[in-house]
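Chain residues, written in single-letter form:
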Amino acid sequence: MIFVFGALFFSFSRGLMVNIFSPLWKGENAVAVGFRNLATFFKSKNSLIEENQILRDKLASSELANISLQTISDAENSLLTNFGRVSPNKFITAAVLVHPPQTPYDSLIIDAGAVDGVSLDAEVSLPEGPKIGTVTEVFSHSSRAKLYSSNGEETNAVLERSEVPVTLVGRGGGNFEIALPRDVAVEIGDKILSANLASTVIGIVGDVEMKPTDSFKKVIVRSVANVYTLRFVVLVP
C-alpha cells in the first residue's frame with residue numbers, strides 16, 4: 001500500500017510540479033533565447049562593423065594604389081612627351097638597361113635599337129644636354145654605347161677658363177685625364193666643354209697634379225654623368 005500510495009503521490013506531484021514550473025521553464029527558455037538572439041544580434045552587428053572597416057581600409061588602399069599608379073603613369077607620359085621615343089627634333093630617349101660596373105670599359109646597354117631608329121655612331125647625351133658618348137653597336141631592340149670616359153678613348157674638348165683646346169683621355173669610371181703645359185692656368189672646378197659649336201659641359205676638373213720639375217701638369221677631370229647611376233639617355237640617330 002505504501003509503495004502504491006508513494007507511486008501515485010509522486011506521479012501526481014510530478015505532474016503538478018511540471019504544470020507549476022512549466023511556465024517558469026518556458027519563461028526561462030524564452031529569456032535565454034532572447035539573450036541568445038540579442039547576443040547574436042550584437043555579434044552580427046560587430047561583425048558587420050568590422051567587415052565594413054576592413055572593406056573601407058581595402059578601398060582606401062586601392063584608391064592609394066590607383067593614385068600611385070596614376071602618378072607613375074603621369075611621370076611616364078611626361079617623360080615620353082618631353083623626351084619621346086622620337087621627338088619633333090629627332091631625339092630618341094632610351095632607358096639604360098646595364099651600366100658600369102656590370103659592363104666593362106665605361107659602356108652602356110640601352111633599350112632602343114634599330115627598330116627605334118638608332119644608328120651606328122649616334123651621339124649619346126644626358127637628358128639635360130651634355131654629350132657623354134656614342135653608339136658602337138646596334139641591335140634590333142637595344143644598343144651598346146661607349147662613353148667618352150672609356151679607358152683610352154680620346155675626345156676633343158675645350159678648357160673653358162682659357163679657351164684652350166684639350167684632348168680628354170678616358171681613364172674609366174667616369175674620369176678623364178688631360179696633359180697641359182705648366183703655364184696654362186687651370187683650377188679645380190673648371191669646366192671642360194665639348195668642342196662643337198653648341199658647347200656643353202662634359203667634365204669638371206677634379207684635381208691637378210704637377211711636380212716642380214715637370215713641364216706638363218696632369219689634370220684629372222670627372223664626367224658630368226655618374227656612370228654608375230644613369231637611368232635615361234637621349235640619342236641623336
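Remember, it's a predicted structure, so these values are computed and weren't measured experimentally. The numbers attached to residues start from 1 for each chain and follow its sequence in the written order. Reporting of local features is limited, given that this is a predicted model, to residues whose pLDDT is at least 70; pairs of side-chain atoms are given and counted only at 80 or more, and all residues count toward the totals for whole chains, interfaces and linings. Hydrogens and water molecules were not included; the side-chain quantities draw on all heavy atoms of the structure.

Participant: Lay out the sheet that holds strand S7 (residues 164–172) with the relevant residues and their values.
Facilitator: Strand pairing follows a simple DSSP-based rule, namely that at least 2 bridges must link the two strands. Helix and strand assignments come from DSSP, with helices taken as H or I runs of at least 4 residues and strands as E runs of at least 2, each series counted from the N terminus. A barrel is described by the order of its strands in space; here six strands give the closed sequence S6-S7-S8-S11-S10-S9, paired in antiparallel fashion. Across the sheet, the mean angle from the axis of one strand to that of its neighbour is 40 degrees, orientation sign disregarded. As judged from the six bridges shared by strand S6 (residues 154–159) and S7, these two strands associate in the antiparallel manner. Each residue of the ladder has a partner; that of threonine 155, found in S7, is leucine 168. In this analysis, axes come from line fits to C-alpha atoms, helices being fitted only over the stretch in contact, and the angle between any two N-to-C directions falls in the range 0 to 180 degrees.

Participant: Residue-level account of the nonpolar core, with values.
Facilitator: Side-chain atoms within 4.5 Å link the members of a nonpolar core, which is a set of buried Ala, Val, Leu, Ile, Met, Phe, Trp, Tyr and Cys residues. Each residue's exposure class comes from its accessible area (1.4 Å probe, protein chains only) as a fraction of the maximum for that residue type: buried when under 20%, exposed when over 50%, partly exposed otherwise. Ranked by internal contacts, the top residues of the largest apolar core, which has 19 residues, are Leu108, Ile110, Val124, Ile132, Leu230, Val233 and Leu235. Broken down by element, the residue count for this core peaks at three residues, all from strand S1 (residues 92–98).

Participant: Tell me about the pattern of salt bridges, residues and numbers included.
Facilitator: Here, a salt bridge means any Lys or Arg side-chain nitrogen found within 4 Å of an Asp or Glu carboxyl oxygen. This structure, assessed with the given rule, holds seven salt bridges. One network of salt bridges, with partners in common, ties together Arg161, Glu187 and Asp190.

Participant: Please provide a residue-by-residue account of the pairing of strand S10 (residues 201–209), values included.
Facilitator: Relative to S10, strand S9 (residues 191–194) is paired through three bridges, and the arrangement is antiparallel. Bridge pairing links lysine 191 to isoleucine 204 in S10. Where S10 and strand S11 (residues 216–223) come together, six bridges link them in antiparallel fashion. Bridged to valine 208 within S11 is valine 219. Connecting the antiparallel pair S10 and S11 is a turn made up of six residues.

Participant: Summarise empty space enclosed by the protein; cite the residues concerned and give the values.
Facilitator: Definitions used throughout: a 1 Å grid over protein atoms alone; a cavity as a set of points that fits a 1.4 Å probe which cannot get out; a pocket as an open set with protein on both sides within 12 Å along at least five of seven lines; a lining residue as one with an atom within 4 Å of a point. Grid points are joined across faces, edges and corners, and a volume is the space filled by probe spheres set on the points. For the coordinates displayed, the defined rule picks out one cavity of 30 Å³ or more. In this model, the largest cavity occupies a volume close to 40 Å³. Ile132, Leu147, Tyr148, Ser149, Phe176, Ser223, Ala225 and Val227 are the residues that line the largest cavity. A per-class count over the lining of the largest cavity returns six nonpolar, two polar and no charged. Note on residue classes: Ala, Val, Leu, Ile, Met, Phe, Trp, Tyr, Cys and Pro are nonpolar, Asp, Glu, Lys and Arg are charged, and everything else, Gly too, is polar.

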